[in-house]
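What follows is each chain in one-letter form.
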Amino acid sequence: MRRLIVACAAIAMLATACKEQAAAPETGGPKRLVVGFSQIGAESAWRTAETESIRSEAQARGVDLKFSDAQQKQENQISALRSFITQKVDAIILAPIVETGWEPVLREAKRAGIPVVLVDRGVDVDDDSLYTTLIASDFVEEGRMAGRWLAERLGGSGRIVELQGTPGSAPAIDRKRGFEEAIAEFPGMTVVRSQSGDFTRAKGKEVMEAFLKAEREKIDAVYAHNDDMALGAIQAIEEAGLKPGTDVVLVSIDGVRAAFEAMVQGKLNCTVECNPLLGPAAFDAVERALAGETLPKWIKVEDRVFDQSVAAEVIDTRKY
Ligand code: AHR
């Protein structure tokens with residue numbers, strides 16, 4: 001009988017050891033975290049920098065990152081989240097393309113006990129316990145900063161065209177609102193045309209070409225919700241025989257390297273920073289949530305305004 005008990009105990013110990021071996025990395029350390037990351041796509045230089053920041057931070061922390069590119073479709077993001085839930089990941093990082101339509105899948109994640117950390121864009125849900133935290137800039141304030149800068153530059157009056165971001169996305173909604181708020185104090189500042197350029201350079205150029213055809217010399221300034229669309233608009237302005245940065249003033253948001261280069265060349269006048277390097281904060285949030293901490297619902301990223309006057313001096317210090 002005693003031999004039987006000893007044999008059973010040995011088998012049980014062996015089984016536990018095998019299970020741990022399967023979960024642990026080859027080095028035999030603690031279990032590797034598995035995190036699913038649902039990214040919107042690769043529409044802009046900003047987005048590429050954000051993806052890179054999350055990927056490299058995962059690697060630095062030894063996290064097994066399951067990356068899914070939604071190619072600009074919310075339904076792809078929802079399927080990715082469902083697949084992460086089925087795979088029983090430890091946590092999910094989500095950059096939601098639009099604000100609405102997330103409730104059902106976030107409830108599924110909550111029921112499965114999987115924390116969801118939102119990065120960059122927020123969601124519109126009645127129950128904020130459906131996500132752990134949002135790590136993002138204040139997009140309304142970015143719009144206000146762009147509006148204030150432009151009002152000062154134009155002396156409080158001018159005809160402006162606006163290139164909006166992806167319809168229904170938090171940055172497009174909030175940057176529009178913030179800008180309108182800021183210029184409302186200047187009755188001479190009017191947005192004469194406003195259309196989505198989907199946050200891409202190609203669409204920004206296309207929409208700007210249409211604006212130029214319709215308005216020609218009557219455009220004093222361009223307000224673009226991101227740098228990529230402003231860079232597309234610069235091409236359209238040049239092809240129309242005008243001088244961007246001089247004949248038409250341009251202000252945009254993001255602060256990517258190409259925007260600084262355009263400012264150094266005198267083609268872009270101002271960019272409002274929106275920091276995409278969210279990897280470290282995202283994984284800090286994941287680790288804190290898994291340790292049982294309650295996080296603030298919004299971890300705000302601070303941004304600054306950069307215009308042509310400082311571009312040459314700071315360009316080499318830029319990290320994205
Ligand atoms: O959500 C952040 C915005 O999305 C960036 O400003 C833009 O470039 C991106 O595609």
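Whatever comes next refers back to the structure up there.
A quick note: this is a predicted structure, and the numbers were derived from the prediction, not measured. (Residues numbered from 1 in each chain as written. Predicted model: local features only at pLDDT ≥ 70, side-chain atom pairs only at ≥ 80, totals over all residues. Heavy atoms only, no water.)

Help me get a handle on the nonpolar core, residues and values and all.
Core analysis: the biggest nonpolar cluster contains 53 residues, and Leu150, Ile160, Leu163, Met208, Val222, Ile237 and Leu268 have the highest contact counts within it. Per-element accounting of this core gives the leading share, seven residues, to helix α8 (residues 227-239). Contact partners of Leu150, with chain neighbours within four places excluded, come to Ile160, Phe179, Met189, Ala221, Val249 and Val251. Among the nonpolar cores identified, the runner-up in size contains 22 residues, and Ile85, Val123, Val125 and Tyr131 belong to it. (Core = buried A, V, L, I, M, F, W, Y, C linked by side-chain atoms within 4.5 Å. Buried < 20%, exposed > 50% of the residue type's maximum accessible area, 1.4 Å probe, protein only. Helix = DSSP H or I, 4+ residues; strand = E, 2+ residues; numbered from the N terminus. Contact = heavy atoms within 4.5 Å.)

Mind laying out the site of the ligand, listing which residues take part and the relevant values?
Residues in close proximity to the ligand include Glu43, Ser44, Trp46, Arg47, Asp120, Arg121, Pro171, Arg175, Phe199, Asn226 and Asp254, which together make up its full environment. Arg121 is positioned such that a nitrogen or oxygen atom in its side chain is 2.8 Å from an oxygen atom of the ligand. Here Asp254 contributes a side-chain N or O atom positioned 2.5 Å from an oxygen atom of the ligand. About the coverage of the ligand: the protein hides 100% of its 280 Å² of free accessible area. Taken atom by atom, the bulk of the ligand overlaps the largest cavity. Sorting the residues of the shell around the ligand by element identifies α2 (45-60) and α6 (170-183) as the ones contributing at least two each. Tallied by class, the residues present in the shell around the ligand amount to three nonpolar, two polar and six charged. (Near = heavy atom within 4 Å. Polar contact = N/O pair within 3.5 Å; in protein donor to acceptor, adjacent residues only side chain to side chain. Areas by Shrake-Rupley, 256 points an atom, 1.4 Å probe, with all protein chains shown as cover. 1 Å grid on protein atoms, 1.4 Å probe; cavity = no way out; pocket = protein on both sides within 12 Å on 5 of 7 lines; lining within 4 Å. Sits in = over half its atoms within 2 Å of the grid points. Nonpolar A, V, L, I, M, F, W, Y, C, P; charged D, E, K, R; others polar.)

Lay out the environment of Lys88 in plain terms, naming residues and giving numbers.
In this fold, Lys88 is placed in the loop between α3 (74-86) and β3 (91-94). For the pair Lys88 and Gly36, spaced 52 residues apart in the sequence, the C-alpha separation amounts to 9.6 Å.

Got a sec to walk through the sheet that holds strand β10 (residues 270-273)? Specific residues and values, please.
Strand order across the open sheet formed by six strands is β7-β6-β8-β9-β10-β12, with mixed pairing between neighbours. In this open sheet, the two edge strands, each paired with only one partner strand, are β7 (188-196) and β12 (305-307). Here the strands of the sheet are splayed against their neighbours by 20° on average, with no regard to which way each runs. Two strands pair when backbone bridges link them, and strand β8 (residues 221-224) and strand β9 (residues 249-254) are joined in this way by three bridges, in the parallel orientation. When the bridges of β9 are listed, Val222 appears paired with Leu250. Against the sheet, helix α7 (residues 201-215) makes contact with β6 (157-164), β7 and β8, and its axis sits at roughly 130° relative to β7, the strand it touches most. (Pairing = 2+ DSSP bridges. Axes fitted to C-alpha atoms, helices over the stretch in contact; angles between N-to-C directions.)

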